[in-house]
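Architecture at a glance
The lines below spell out each chain.
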Number of protein chains: 4
Amino acid sequence: MRIAISTGGGDAPGLNAVIRASVLAALQRGWDVLGIKRGYAGLLGEDEVIPLTRDSVRGIGHTGGTILRTTNRGSPFNYPIVQADGSIKYVDRSDELIANAKALGIDAIISIGGDGSLKIAQQLVDRGMKVVCVPKTIDNDVPCTINTFGFDTAVSTVVEALDKLHTTAESHDRVLCVEVMGRDTGFIALYAGMAGTADVVLIPEIPFSIDKVCEKVMARERAGRRFSIIVVAEGAIPVGGTESILGESMPGQAKRLGGVVDPLSREIQKRTGKETRSLILGHLQRGGQPTSYDRLLSTRFGGAAVRAIEEQAWGHMVALQSPHIVFVPIPEVLRHTKRVDPDGDIVMTAREMGISFGD
Amino acid sequence: MRIAISTGGGDAPGLNAVIRASVLAALQRGWDVLGIKRGYAGLLGEDEVIPLTRDSVRGIGHTGGTILRTTNRGSPFNYPIVQADGSIKYVDRSDELIANAKALGIDAIISIGGDGSLKIAQQLVDRGMKVVCVPKTIDNDVPCTINTFGFDTAVSTVVEALDKLHTTAESHDRVLCVEVMGRDTGFIALYAGMAGTADVVLIPEIPFSIDKVCEKVMARERAGRRFSIIVVAEGAIPVGGTESILGESMPGQAKRLGGVVDPLSREIQKRTGKETRSLILGHLQRGGQPTSYDRLLSTRFGGAAVRAIEEQAWGHMVALQSPHIVFVPIPEVLRHTKRVDPDGDIVMTAREMGISFGD
Amino acid sequence: MRIAISTGGGDAPGLNAVIRASVLAALQRGWDVLGIKRGYAGLLGEDEVIPLTRDSVRGIGHTGGTILRTTNRGSPFNYPIVQADGSIKYVDRSDELIANAKALGIDAIISIGGDGSLKIAQQLVDRGMKVVCVPKTIDNDVPCTINTFGFDTAVSTVVEALDKLHTTAESHDRVLCVEVMGRDTGFIALYAGMAGTADVVLIPEIPFSIDKVCEKVMARERAGRRFSIIVVAEGAIPVGGTESILGESMPGQAKRLGGVVDPLSREIQKRTGKETRSLILGHLQRGGQPTSYDRLLSTRFGGAAVRAIEEQAWGHMVALQSPHIVFVPIPEVLRHTKRVDPDGDIVMTAREMGISFGD
Amino acid sequence: MRIAISTGGGDAPGLNAVIRASVLAALQRGWDVLGIKRGYAGLLGEDEVIPLTRDSVRGIGHTGGTILRTTNRGSPFNYPIVQADGSIKYVDRSDELIANAKALGIDAIISIGGDGSLKIAQQLVDRGMKVVCVPKTIDNDVPCTINTFGFDTAVSTVVEALDKLHTTAESHDRVLCVEVMGRDTGFIALYAGMAGTADVVLIPEIPFSIDKVCEKVMARERAGRRFSIIVVAEGAIPVGGTESILGESMPGQAKRLGGVVDPLSREIQKRTGKETRSLILGHLQRGGQPTSYDRLLSTRFGGAAVRAIEEQAWGHMVALQSPHIVFVPIPEVLRHTKRVDPDGDIVMTAREMGISFGD
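Just so we're clear, the structure is a prediction, and the values are computed from it rather than from any experiment. (Residues numbered from 1 in each chain as written. Chains lettered and ligands numbered in written order. Predicted model: local features only at pLDDT ≥ 70, side-chain atom pairs only at ≥ 80, totals over all residues. Heavy atoms only, no water.)

1. A closer look at the pattern of salt bridges
Inclusion rule: Throughout this description, the term salt bridge denotes a Lys or Arg side-chain nitrogen within 4 Å of a carboxyl oxygen of Asp or Glu. When accessible area is computed with a 1.4 Å probe and restricted to protein chains, residues below 20% of their type maximum are described as buried, those above 50% as exposed, and intermediate ones as partly exposed. Secondary structure elements are taken from DSSP: a helix is a run of H or I of four residues or more, a strand is a run of E of two residues or more, and numbering for both begins at the N terminus.
In the structure shown here, the tally under the stated rule is 104 salt bridges over all chains. A salt bridge links A:R93 to A:E96; its shortest N-O distance comes to 2.7 Å. A:R93 sits in the buried class, given a relative accessible area of 10%. Judged by its relative accessible area of 33%, A:E96 falls in the partly exposed class. In this structure, the salt-bridge partner of C:R2 is C:D32, at a minimum N-O distance of 2.8 Å. Taken as a pair, C:R2 in strand β1 (residues 2-7) and C:D32 in strand β2 (residues 32-36) lie far apart in primary sequence, 30 residues in all.

Below you can see the structure in the form of structure tokens.
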């Protein structure tokens, strides 16, 4: 038996622990393991395929990043090729991938990735490849699993930042707006905002009014709390759309910054008269050593992926349905979306803690 | 409406976040909140009952400890009284407690604690008191809830320690035995051992043979891995009982140290000839700032406890059954025990990672 | 004896430990202690003056921020007053300050602050006030002292961020540019860049050429190191001035961002073709719990300030000249500037480690 | 030019950063570098000598431990050999060491170690070898240098532990005695005790009376502070010698535990009636990632050692005499001892903070 491992999409703390666990569990069964570098690039002649041994994975269980490197480059079914004239053409390179996998004697693939990787995996399964998946998303938006590795670490990183910013905001009577990851969902913003006792949390699932945000800041001021911490998910949307606070002249700039936090800060300062600063945590959230929670979950997922191969659960994704690890068919995963429940106990409790969602 | 909050049993990171959440959620409903100091001592005239306001709970969400202090002193139904001659007599002081609660106008109590507190709560409910519970255990051994606050922090503390010890063990070619909490269950040892890539994990659920432990150490030696990290739960039991390694002469001492780690270390050194050191993490695991995971869970539990009062769920415990918070009747909780499943995916994966359980 | 304490300028981790130490050392001598809120605002009728007791400083030794709050509002000798028409007029309010201090029975003042605070302190001494100073600067640019509290914490925060970013940069083959504090000096960038093994460090003391920076990135690429970490002090200056990379059209924006990191990133991406991201750590560097180093130094400084009062060392600043704490006359401090020595052993060693300064 | 690097004595965070810096600085000069495994064992045929390349030291700057491993086995001039009958004979193996070094073409050695390593280095220099030294001691007891790497990390580890223990001690009204490293000096205990706001600090430099310690605990009790944190250096000595509290029957046991903390705890509990617990931090203090302070210092030391070779400063030790790195002749280092100054500003300030030294 020879299996191969691929990591695709953005970096997430715990990737190496998944790789390590899969490699050790496979070797223990007497299997061979290969590592495909940079997503599927290693199977498309654009990077390497390397053997993964006990030595390859020694001491990586607690490290960030991925020893296989990763990429957002796109699908082998729709692969971007830069043309002579600089334009980009998308081509289907799946035949090449499948042929190369066969040539290398690869019997099955463990694909570690998010939405995009799950879709590619299903397409490969449809073409007869044997693939099992491990879900990876910083944002916690993969359905059918309680959570995924990397999320707890990202939340911890944001909470550490909020802890640091709290004292400075308070010492200087300032408003601090902190942008965190979450284009489509507000899990990081919500969880970190609650754990880090933010005053305002703005998430894609609950459109916000800048009036309400400023009201909250001023209500605190009147109560002698002369500072406020505002956590903003990248994808937070003002009522009326982003133009309502971005205005006409700077959409390009705001886009570059990933969201609304900079214009939002300016607007809050203008309306409340309070010194307001913004901070974009960006890549900090993807990096670093995984928390112990994520290390354990990654290890369980890595081990489960090998059992999924053993059970020939092709086209399935390993998932945490506490306290169990289960295998879920990819189509079922893709059929759902996972979003913050605006009526769930977490949002409800947040409101009772005095957190405003700007609605 | 006037409610009171009590914290009993050992310290656990997140207690203050529960108190804060319950206080804020209650105040938001226009209720009064009292804090009973040191378990129920505040209602027995041995300590204070204090008002809990918004100011009382400001800035405590991320702190360790409990502003109400806590105690292991025992049940009001079986309260230890030191007699004139130094002996201890146990008396039922529940009438006094109930009378004092009535005198203070307390309508309902939130009891935050472990097994012992749950039993007392049920007895108080049987006597007509209105009590809801929040589970608290470092050891993760309260059934009917995925986990409890404090556990993630304790595991993190152990993993940090293991990370530190790894490099020293490796630099010095040493065996290091680390004792962690867990008299009845091995959750902390197992989770931390996996996340911290220990080589041997000894837990109460799987009796260990010292021969097998030494075999593992020597197998690593032969493979060029000249150090080993052994994580030992307090309650880990050698096959044949503790006398088998403690011998005759020092049972008292071993008891004082909380477990078998010291004699175990000596025995390993004697049998393998390798320098072996022991370390008892002890109280470090109960202290410190809660992790972001525990802060969020504590806050959810604190909010849920107030909703439980609102719903008159007397005699219920709030519980995490991901992704939901539910209310479970105390008798149902007490009917179960929660232990590490020796056949579950975690132990299985641990074995595949090369971890020995000494069996 | 009645003394008062004031904290001015930007937040720095360790301020509370200085306050605590001064208060405890003064109380132990039987003195009274007052706290002036927000710089000197408390003595100008714009904020409070509060008594500082043993209870006021309990448990603040390890916290960030300042219980006295702080401000950059400006000097009492040149105080900004907003006029009816919105314009700002600067007035000398020192008489008022001195009168209020006298009215409160203040015998001596401990002023904790940076350059600005030192100058104000000297002016107050010239007017007959009894002031001693404790140096405070995140940037480490106060002369005559080995370092000041807050600097070690700021460097640690940056190094933690670099550790996190390393793995992500490497996994994604990216260039990451990280802007850190240091308008006039590059101490934070240099120390953190070395401790965090950056590839390029850009500091005000060594003007950089963007060509050299890109050369370094490409040299690493050729050596198979497909990522680079670039640490940029706020005040880093390209050869030829900031316009050389900022261009004409966006100086306003660059200023808002505090420096050159954003245009620098764009330029590197354009020239090298490598994906490049920027991150501005900003206020994170001022916040959070002080490191143990800073807690100790703050405590020593706080204790020394009280001894300076006892010795009537008016107009002196406490300073660390390892292993001793000494008192230095303010004019001597102000006569010097403290900058990174481009020929010192640290820069020299950094170069030997392969770090490029872009020169 | 071919140099070799050796690490001896106990583990200390920063060893790898020194190795990395020396290797990079040497390679940059076009030199060859060898690594001697486990002290000098690699030159005595008992372990390896390995080439150290750029790849060998990649990514080790922030790791604990030493890639060369280390040992306390003893001097090549007095090397322990186990005889057939189990007894140990000490022999001079220096000729063998020198011959092997010559055979490997080693021109100069960088010896990283403490007291013991310095003495061996001097003996080797006396025999004509070219050796320079980098001081290493967790305890901070190497004279002629402000401090050494590893010390700041050890203090940080202790302070983190004290922070955790504080909340638990307070919640449970307990006395906690924490034993830290320091057989001959109390630097770790003193620095960490101040930074971590201990109540009592016991160090070898100031013999303590158990009466005074108990008095302090009870004085706090009377003031409503019902818990105490006591930091005890391994080498702390009660007035009257250790027998005064160890008694007759358990000297062996106390020795095993490294010090007086366990009998001390029992004695305090007996005399004050307060629940008292002890904790021995042990190896935790030697391990883990170095702090940013230690990483920088290690890197400077590693670079300086190569410059020392370049300047043929045989028999010198690199040292920090802030802000400079200097070279000090080994005999001058060995002539001094470095101890906590009981009359210095740190102890004085500690007393003013209310810390008792038990005297």
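2. Notes on the domain arrangement of chain A
One frequently used descriptor of interface size is the decrease in accessible area upon assembly of the parts. All names here are of chain A. Our working definition: For the purposes of this description, domain bounds are those given by an automatic or database domain assignment. Any two residues whose heavy atoms approach within 4.5 Å at even a single point are treated as in contact. Buried area, as used here, totals the accessible surface that two parts lose on assembly, with accessibility defined by a 1.4 Å probe and the loss added over both. Under the scheme applied, nonpolar residues are Ala, Val, Leu, Ile, Met, Phe, Trp, Tyr, Cys and Pro; charged residues are Asp, Glu, Lys and Arg; polar residues are all the others, including Gly.
According to the domain assignment, chain A consists of domain 1 (2-149 + 290-322) and domain 2 (152-287 + 341-352). Tallying the contact residues gives twelve residues for domain 1 and 13 residues for domain 2. When the two sides are added together, the surface that domain 1 and domain 2 hide from each other amounts to roughly 1,000 Å², 53% of it contributed by carbon and sulfur. At the surface where domain 1 touches domain 2, the tally comes to zero salt bridges. Residues that form the side of domain 1 that touches domain 2 fall into these classes: five nonpolar, three polar and four charged.

3. Quick word on the sheet that holds strand β7 (residues 131-135) of chain A
All names here are of chain A. Short version of the rule: Pairs of strands are assigned from DSSP output, requiring at least two bridges between the strands. Convention adopted: a line fitted to C-alpha atoms gives each axis, helices being fitted over their contacting stretch, and angles between N-to-C directions are expressed from 0 to 180 degrees.
Here seven strands make up an open sheet; going across it, the order is β3-β2-β1-β6-β7-β12-β13 and the pairing mixed. The sheet is open, and its two edges are formed by β3 (49-51) and β13 (324-329), each paired on a single side. The sheet shows a mean angle of 30° between the axes of neighbouring strands, taken without regard to direction. Of the strand pairs in this sheet, strand β6 (residues 108-113) and β7 are connected by five bridges, and their pairing is parallel. Residue pairing across strands places I112 opposite V134, the latter belonging to β7. Where helix α1 (residues 15-28) meets the sheet, its contacts fall on β1 (2-7), β2 (32-36), β6 and β7, and the angle it forms with β1 comes to roughly 180°. Its contacts with the sheet put helix α10 (residues 292-310) on β1, β6, β7, β12 (316-321) and β13, and the angle it makes with β12 is roughly 140°.

4. Focus on helix α2 (residues 94-103) of chain A
Residues and elements named next belong to chain A. The condition is simple: The directions from the helix axis to the C-beta atoms are what the arc is built from.
Listed in full, the buried residues belonging to α2 are S94, L97, I98 and A101. Viewed end-on, α2 has its buried residues packed into an arc of 95°, placing them on one side of the element. With respect to the buried face of α2, the exposed residues turned more than 90 degrees away are D95 and A103. Buried residues along α2 sit against α3 (115-126).

5. Some words on a nonpolar patch on the surface
The cut-off we apply is this: Exposure above 30% relative accessible area and no salt bridge define the residues that can form patches, which grow by joining like charges within 9 Å and nonpolar side chains of Val, Leu, Ile, Met, Phe, Trp and Tyr within 5 Å. Exposure was quantified through the Shrake-Rupley algorithm and a 1.4 Å probe, taking into account, for residues, occlusion by the shown protein chains and nothing else.
On the surface, A:V82, A:I88 and A:Y90 cluster together to form a nonpolar patch covering roughly 330 Å² of accessible area. Residue position: A:Y90 is located in strand β5 (residues 88-91).

6. Observations regarding the sheet that holds strand β11 (residues 276-280) of chain D
Residues and elements named next belong to chain D. The four strands are arranged β9-β10-β8-β11 in an open sheet whose pairing can be described as parallel. In the strand order of this sheet, the two ends are held by β9 (200-202) and β11, each with one partner. For this sheet, the mean inter-axis angle between neighbouring strands, taken without regard to orientation, is 15°. The pairing of strand β8 (residues 175-180) with β11 spans five bridges and is parallel. Bridge pairing in β11 places C177 opposite S278. Together, β8, β9 and β10 (228-233) form the strand contacts of helix α6 (residues 210-222), whose direction differs from that of β10 by roughly 160°. Contacts from helix α9 (residues 261-272) reach β8, β9, β10 and β11, with the element oriented near 170° to β11.

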